[in-house]
Amino acid sequence: MSLLDFSSDAFIVSFFLYCAAFMLYGVAVMGKKWSNRDPQAHVERWGKRAFVASTVALAAHLIFFGTRWAGAGHIPVSNMYEFMSFLSMMIMVAFIVVYAIYRKSLLGLFALPLTIIIMAYAAVFPQEVQPLIPALQSIWLKIHVTLAALGEAFFAVGFAAGFMYLLRTVDFSGKDKSSRRQRGWVEFTLITIVVVVGFIGSVFAFRASGYEAVFVKQTTSIDTEVQENSTIEKVIYRMPPIFAPYDSEVESIKPFLGMKEPLLETPSWMNGVNAGRKLNTVVWSLIVGLLLYGLIRLIVRRPLGQALQPMLDGIDADDLDEISYRAIAIGFPIFTLGALIFAMIWAQIAWSRFWGWDPKEVWALITWLYYSVYLHLRLSRGWQGRKSAWLAVLGFLVVMFTLVGVNLIIAGLHSYAGAD
């Protein structure tokens, strides 16, 4: 067995160990209601077991990272599979640091799903080792990416604690306008998470079925000698085509639920070679995610936020507010060093300029400015509690767009990170 094969096995082992640790945290938090003994002792006992399981899972994750590094010959953070796997590992590192300080088992019930979802999302992308392009062959790759990811991991823990605060404090039975608005935004956040899970599930389901649809598009251009050149662009769909690429023809397609042709054509203004495929993926994610959300609602028979709130009974909301703030306060200087200062030094070495308004650079700056405002409002204006929690939740959405949206949607010098 090669190192890369062993690395892939370690990735799978760590994923299932994280799932097991998540279930143990669930037993620790929810099982206290049925414990015949002291509920607090039950939480502490099972919380320790869950923490040990998550630590073992992190060890397996570190083995994956180390063996892939050894097998590939370079640090494995150069594409979306590697980076998102690394980010999920850093979230667990950040969680363990915060847990060691505050000893709150309930935090694991919300931090572990982030790690699991991001690992599953990483597995959507091609897992083959790719050689580093010249711009990435630098020690600054290790410094820049590792510190930026660690800072973002602490932001993720801040998001988890902030969202827990909202679930703990929002009045789900209130009839006033403010309560209804808060309930609506909490539910929208949960729907967004369910849609992401739906996207991951649909990708793996269609991949397992071997589904494939191929479209071709002929483009004509005129070169400098006024001679027409024709090229054929091919786009492969792994999900049934609700939207076909603009101005393209079907080369081959497998019927799905009686659908033998695309239902719609991608709008003309979305004429990029992969625009239709991305739009199709978004639509399928929404369809599957909303169906999954509806199924869960049928099972629990109430809004998800209201169903989750009882798990936080007995938790001090002020502790959650403090954990969220401290996690972000730890992550901010780390992110500043990794995503801005060291990134600009590397940009000067690689591209002979410190700043170039590349989309990834711009959104890294937006993320830094956002959390700068968060800390300013928290420390200078006294924005604590619910206001601070909502800022932590929205901030992580900015982080995820910087990581995923910019790489996969906006073209730029960092687009190689989203190659699939």
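Worth saying up front: this structure is predicted, and the values here are computed from it rather than measured.

Notes on the packing of aromatic side chains
Scanning the entire structure with this criterion turns up 26 aromatic pairs. Plain terms: the ring middles of Phe-155 and Phe-335 are 5.6 Å apart, the flat faces sit at 55° to each other, and that makes the pair tilted. Separated by 180 residues along the polypeptide, Phe-155 in helix H5 (residues 139-169) and Phe-335 in helix H9 (residues 317-351) bring together distant segments of the chain. Just as Phe-155 is buried, Phe-335 falls in that class too. An aromatic cluster is defined as three or more aromatic residues linked by ring pairs; in this entry it consists of Phe-155, Phe-335, Tyr-370, Tyr-371 and Tyr-374. Sitting above the plane of the Trp-46 ring, Arg-49 keeps its charged end 4.5 Å from the centroid.

Brief notes about the confidence of the model for the protein chain
Confidence in the prediction for the protein chain averages 83 pLDDT; 89% of positions are at 70 or higher. When the criterion is pLDDT under 50, residues 411-420 qualifies, and its contacts beyond four places in sequence or with other chains add up to 26 contacts.

Let's talk about the side chain of Thr-402
Within the secondary structure, Thr-402 is located in helix H11 (residues 386-409). With residues up to four places along the chain from it excluded, the contact list for Thr-402 reads Lys-360, Trp-363, Ala-364 and Thr-367.

Thoughts on a nonpolar patch on the surface
A cluster of nonpolar side chains, contributed by Val-97, Ile-101 and Ile-330, occupies part of the molecular surface with about 220 Å² of accessible area. Relative to the assigned elements, Ile-330 resides in helix H9.

Thoughts on the nonpolar core
If you look at the biggest cluster of nonpolar residues, it comprises 119 residues, and the most contacted ones within it are Met-84, Phe-95, Leu-107, Phe-110 and Val-186. Broken down by element, this core gets its largest block of residues, 19 residues, from H5. Leaving out residues up to four positions away in the same chain, Leu-107 has contacts with Phe-95, Val-98, Val-157, Ala-160, Ala-161, Met-164 and Ile-323.

Considering the packing of helix H4 (residues 106-122) against H5
Running from amino to carboxyl end, H4 crosses H5 at an angle of 125°, the nearest separation of the two axes being 9 Å. As far as their axial angle goes, H5 and H4 are oblique. For the crossing formed where H4 meets H5, the hand is right-handed. Residues Leu-106, Leu-107, Phe-110, Ala-111 and Leu-114 of H4 touch H5, and the partners they reach there are Ala-156, Val-157, Phe-159, Ala-160, Ala-161, Met-164 and Leu-167. A breakdown of the residues in the contact of H4 with H5 according to their chemical character gives twelve nonpolar, no polar and no charged.

Describing H5
Under the 1.5 Å per step criterion, the end-to-end length of H5 is 46 Å for 31 residues, consistent within 8% with the ideal 45 Å. Burial within H5 is extensive, with 24 of its 31 residues counted as buried.

Rules used in this analysis
Residues numbered from 1 in each chain as written. Predicted model: local features only at pLDDT ≥ 70, side-chain atom pairs only at ≥ 80, totals over all residues. Heavy atoms only, no water. Phe/Tyr/Trp six-rings, centres within 6.5 Å; stacked < 30°, edge-to-face > 60°. Helix = DSSP H or I, 4+ residues; strand = E, 2+ residues; numbered from the N terminus. Buried < 20%, exposed > 50% of the residue type's maximum accessible area, 1.4 Å probe, protein only. Lys NZ or Arg CZ within 6 Å of the ring centre and 35° of its normal. pLDDT = per-residue confidence, 0-100. Contact = heavy atoms within 4.5 Å. Patch = residues over 30% accessible without salt bridge, like charges linked within 9 Å, V, L, I, M, F, W, Y side chains within 5 Å. Areas by Shrake-Rupley, 256 points an atom, 1.4 Å probe, with all protein chains shown as cover. Salt bridge = Lys/Arg side-chain N within 4 Å of Asp/Glu carboxyl O. Core = buried A, V, L, I, M, F, W, Y, C linked by side-chain atoms within 4.5 Å. Axes fitted to C-alpha atoms, helices over the stretch in contact; angles between N-to-C directions. Parallel < 35°, antiparallel > 145°, perpendicular 65-115°, else oblique. Left-handed = near helix turned anticlockwise from the far one by under 90°. Nonpolar A, V, L, I, M, F, W, Y, C, P; charged D, E, K, R; others polar. Expected span 1.5 Å × (residues − 1).

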